[in-house]
Amino acid sequence: MNDSRSRVGNVLVVVVLLAMASWWLFAEEGLRWPDVAGSRWTLFVVVVVLYAALCLVAIARTRRMTRPATVVDDGTILVAFATQTGFAEELATRTAAALRAAGHRIDLRPLAQVDAATLMATRVAFFVVATYGEGEPPDTSRRFAREVLGAVASLGDLRFGMLALGDRGYEHFCGFARTFEAWLTKQGADPLFARIDVDKSASAALAAWDAGLLPWTGDAAVQTLPSFVWWTVSERRRANPGSIGEPAFHVTLVPPQGEAPSWEAGDIAIVQLPDGQRREYSIASLPTDGRIDLLVRQAHRSDGGIGFGARWLTSTLAIGASTGLRIRANQGFRLAGIAPSTPLILIGNGTGIAGLRAHLKARVAAGATRHWLFFGERHAAVDNVYGDELDAWQRAGFLERISYAFSRDTPRRVHVQDRVLEQRDAVAEWLAFGAVVLVCGNAAGMADGVDAALKAIVGDAALEDMAVDGRYRRDVY
Ligand SMILES: Cc1cc2nc3c(=O)[nH]c(=O)nc-3n(C[C@H](O)[C@H](O)[C@H](O)COP(=O)(O)OP(=O)(O)OC[C@H]3O[C@@H](n4cnc5c(N)ncnc54)[C@H](O)[C@@H]3O)c2cc1C
Ligand SMILES: Cc1cc2nc3c(=O)[nH]c(=O)nc-3n(C[C@H](O)[C@H](O)[C@H](O)COP(=O)(O)O)c2cc1C
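Conventions and cut-offs
- Residues numbered from 1 in each chain as written.
- Chains lettered and ligands numbered in written order.
- Predicted model: local features only at pLDDT ≥ 70, side-chain atom pairs only at ≥ 80, totals over all residues.
- Pairing = 2+ DSSP bridges.
- Helix = DSSP H or I, 4+ residues; strand = E, 2+ residues; numbered from the N terminus.
- Axes fitted to C-alpha atoms, helices over the stretch in contact; angles between N-to-C directions.
- Buried ≥ 20, exposed ≤ 12 C-beta atoms within 10 Å, placed from the backbone.
- Right-handed = clockwise from strand over helix to strand, strands pointing away.
- Core = buried A, V, L, I, M, F, W, Y, C linked by C-beta atoms within 7 Å.
- Contact = placed C-beta atoms within 7 Å.
- pLDDT = per-residue confidence, 0-100.
- Arc of directions from axis to C-beta.

To continue, consider the sheet that holds strand β12 (residues 322-328). What the six strands build is an open sheet, ordered β10-β9-β12-β7-β8-β11; its pairing is antiparallel. Looking at strand neighbours, the two that pair on one side only are β10 (278-282) and β11 (292-297), the edges of this open sheet. In this sheet, adjacent strand axes meet at a mean angle of 40° when their direction is disregarded. In this sheet, β11 lies alongside strand β8 (residues 248-254) in antiparallel orientation, the contact comprising six bridges.

Here it is in structure tokens:
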């Protein structure tokens, strides 16, 4: 589209120049060199030279856009991932490992660190791409989607495989991967095999990915993910007794004796249900606690029954019984590389306090104090599930500010995004001071509302940059 527009523009300029020239040469006196003053000749020469320079700049830019400066075909395979909650990164890392084991040189990186020039210089690429919202990219790939997919590139030399992660429960199943693939093929890239769509974590699709990669990997399998380990329920209590909302349970699990699994604040526990289905939960504790704490809501299904995952963890499993569980590193919600002196704005509602609690625990252990928590629920008296702990941290100076939004305690329902907007000047000040924003909890309603509030404060582009720079991290569901 950009191409055809610029072509039309150039044709118009040439037509206008020709029309001006013929008017100048043929008007009134007929065909002869115009008898004009020297100053007008100088002006004419300056204009022509400027226009020629403009054309050269435009040509140079076009060449940069459509042809990489250097095409180094050293056989390196690009493996790029777009992830929100870590699954795409986990699979991309395994894909890269399987390819490396077969002797290939691999360039593994987030899609956010891929640009048109990288794609143009690449011969073979494997993409592992998740979808969010309404067919949208994960947060960190928003800028890639806007800038790279919004332009043209010459990708006639690129061949690629695409593993699309999604959930058929959403209207735009694998929507972002589809958009990305359509763009790649429009730019001339060729798929090595048909796009593989993964519904949740369907193993048949992952086996198909293994099969697609076989010419490159030999027999190394990608889909053999870390196995589940038997964790035992050691404690469970209703976290919100008396709440008008659905019951939430604080569930504690301990690893098999002699094992000391490691993880970081921000990571996710994947719980295996008896029929093999999996559910994800934000971990609310640290390895130094020696246990995994989860905060599980007894969400109801549309048929009125309690959801399978919630029932398994909050009721079926007796204290002392075990469940298959594995931990997934969620790099996008970890705080790797963030100094304890960096201020943190933590925003969440409901069970979202789980992921924020793990971060607060880690930061308190590191002696950090610059924390501002926004937490939303219904009633302060029964829904502030970790309220005592938060109070203690605040008294000890570890929580500089808490802004609660207990929506049913106020005459008008107030939610965390409203609190963020009420405090917009102070929030802007914290952000100007380099604060990192962590959001955990409901995607629809809370996280969307907070996203809109932050955009209203810093602007769309700045928030997009914050996501790419790791200053806006979300664990939302
Ligand atoms: C990153 C992340 C963190 C989360 N953290 C928490 C938390 O801290 N606390 C909390 O209470 N909830 C959390 N959830 C939600 C949780 O994973 C469950 O969705 C929730 O407990 C409801 O599941 P259910 O089985 O009880 O309900 P169900 O109604 O049985 O299932 C709910 C949803 O699970 C998905 N699902 C259905 N079938 C399958 C399947 N075969 N395989 C995989 N998924 C399927 C579908 O999206 C379905 O709508 C989190 C979700 C994500 C993605
Ligand atoms: C809040 C939320 C929104 C989602 N939206 C979509 C969607 O619109 N289309 C889709 O196919 N999958 C959607 N999914 C499913 C994810 O793409 C899928 O779980 C994927 O495996 C996540 O990969 P990741 O861990 O790499 O982010 C959504 C998941 C969540 C938690």
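Turning to the pairing of strand β13 (residues 344-349), a few remarks are in order. Counting buried positions along β13 yields six of six residues, so the element is predominantly enclosed. Both faces of β13 are covered, namely the face carrying L344, L346 and G348 and the face carrying I345, I347 and N349. Of the strand pairs in this sheet, β13 and strand β14 (residues 371-377) are connected by six bridges, and their pairing is parallel. By the bridge assignment, L344 is partnered in β14 with H371. The handedness of the β13 to β14 crossover, carried by helix α9 (residues 353-365), is right-handed.

Counting residues in hydrophobic clusters, the biggest one holds 63 residues, and the most contacted among them are A269, L294, L295, V296, I347, V437 and V450. If you tally residues by element for this core, the top one is helix α14 (residues 443-458), at six residues. Residues within four places of V296 in sequence aside, it is in contact with A248, F249, V251, Y281, A310, L313 and T314. Within the second largest apolar cluster, 48 residues are counted, among which are I77, A96, L111 and V129.

On average, the protein scores 90 in pLDDT, and the residues at 70 or more come to 86%. Predicted confidence is poor over residues 1-7, with pLDDT under 50, and the contacts of this stretch with residues over four places away or in other chains come to three contacts. The low-confidence segment residues 62-72, where pLDDT is below 50, has 13 contacts with residues more than four positions distant or belonging to other chains.

Turning next to helix α8 (residues 308-316). Looking only at α8, the buried set comprises A310, W312, L313 and T314. Each buried residue of α8 lies within a common arc of 165° when the element is viewed along its axis, so the set occupies one face. Contacts from the buried residues of α8 go to β8, β9 (268-272), β11 and β12.

With that out of the way, let us pick up the pairing of β10. Across five bridges, the pairing between β9 and β10 is antiparallel. From the neighbouring strand, I268 faces β10, where its bridge partner is S282.

Time to look at the sheet that holds strand β15 (residues 401-406). Spatially, the five strands line up as an open sheet ordered β15-β14-β13-β16-β17, and their pairing is parallel. At either end of the open sheet lies a strand with only one pairing partner, and these are β15 and β17 (472-476). Across the sheet, the mean angle separating the axes of adjacent strands is 10° when strand polarity is ignored. One ladder, built from six bridges, connects β14 with β15; its direction is parallel. Note that in β15 the partner of F374 across the bridge is S403. Strands in contact with α9 are β13, β14, β16 (436-441) and β17; relative to β13, the strand with the most contacts, it is inclined by about 155°.

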